[in-house]
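Structural overview for review
Each chain is listed here by its residues.
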Amino acid sequence: MKLIKLTSFNTKKPIYINVEMIGDLSEIEETEYTRVTKKYTSVGHLTHNNGGFRVIESVDKILELIKESAN
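Residue positions within a chain follow its written sequence, with the count starting from 1. Restriction of local features to residues with pLDDT of at least 70 applies here, the model being predicted, together with a cutoff of 80 or more for giving and counting side-chain atom pairs; totals for whole chains, interfaces and linings are based on all residues. Excluding hydrogens and water, the side-chain figures rest on all heavy atoms present in the structure.

A closer look at the overall build of the chain
Strands here mean DSSP runs of E at least two residues long; helices mean DSSP runs of H or I at least four residues long; both are numbered from the N terminus. Looking only at helices and strands, the chain has one helix and five strands in total. Along the chain, helices and strands appear, N-terminal first, in the series β-β-β-β-β-α. Across its three principal directions, the C-alpha atoms of the chain cover 45 × 25 × 20 Å. Three exposure classes are used, based on accessible area relative to the maximum for each residue type with a 1.4 Å probe and protein chains only: buried under 20%, partly exposed in between, and exposed over 50%. Within the chain, buried positions represent 28% of all 71 residues. Contacts are assigned to residue pairs that have any heavy atoms within 4.5 Å of one another. Across the chain, contacts joining residues at least 24 apart in sequence account for 39% of those joining residues at least 6 apart. Here the accessible surface of atoms and residues is derived via Shrake-Rupley with a 1.4 Å probe, and residues count as covered only by protein chains that are part of the display. Counting only carbon and sulfur atoms, one obtains 50% of the accessible surface of the chain, whose full area is about 5,100 Å². For the purpose of counting charges, residues Lys and Arg are taken to be positive, whereas Asp and Glu are taken to be negative. His and the chain ends are not included. Here the site of a charge means atom NZ of a Lys, CZ of an Arg, CG of an Asp or CD of a Glu. Taking the average place of the 10 positive charges on the side chains of the chain and the average place of its 10 negative ones, the gap between the two points comes to 5 Å.

Quick notes on the nonpolar core
In this structure, I4, L6, I17, V19, I22, V43, V55, I62 and L65 together form the largest nonpolar core, which totals nine residues. Secondary structure elements with two or more residues in this core: β1 (3–7) and α1 (59–70). I62 has contacts with I4, L6, L25, T41, V43, V55 and E57, leaving out every residue within four places of it along the chain. Remark: nonpolar core denotes a set of buried residues (Ala, Val, Leu, Ile, Met, Phe, Trp, Tyr, Cys) joined through side-chain atoms within 4.5 Å.

Observations concerning the pairing of β1
Residues I4 and L6 line the buried face of β1, whereas the alternating positions L3, K5 and T7 sit on a face that is not buried. Sheet topology note: the β1/strand β2 (residues 14–18) ladder contains five bridges and is antiparallel. From the neighbouring strand, I4 faces β2, where its bridge partner is I17. Strands are treated as partners if at least two bridges between them are detected by DSSP.

Brief notes about the side chain of E57
Following the sequence through the fold, E57 ends up in the loop between β5 (53–55) and α1. Once you skip the residues sitting within four places of it in the chain, E57 turns out to touch K5, L6, T7, T41 and I62.

So, the sheet that holds strand β4 (residues 37–45)
Reading across from one edge, β3-β4-β5 is the order of the three strands in this open sheet, with antiparallel pairing throughout. Of all the strands in the sheet, the pair left with one neighbour each is β3 (22–31) and β5. The average angle at which neighbouring strand axes cross in this sheet is 30°, direction not considered. Where β3 meets β4, nine bridges bridge the pair, whose relative direction is antiparallel. Axis angles are defined between N-to-C directions and span 0 to 180 degrees, where every axis is a line fitted to C-alpha atoms and, for a helix, only to the segment in contact.

Some remarks on the confidence of the model for the chain
Confidence of the prediction at every residue is given by pLDDT, a number between 0 and 100. The share of residues in the chain with pLDDT of 70 or more is 90%, and the mean pLDDT across the chain is 85. Put simply, β4 is where the chain has its lowest mean pLDDT, 82, and β1 is where it has its highest, 94.

As structure tokens, this is what we get:
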């Protein structure tokens, strides 16, 4: 099992994700009623069926962490 450390978008606390269970990665931009745009990355996990985890790191940064975990 290979884990990477990411930062939760909501709580700003670290979460650890098994890279072998990542199903998809996508960057999301949401605009709230205050017209503030929030940008985060959704990490779709094979065992997490509600859209995945929202994290601060970009897709490129996550791919970099995955490559580092392979070494």
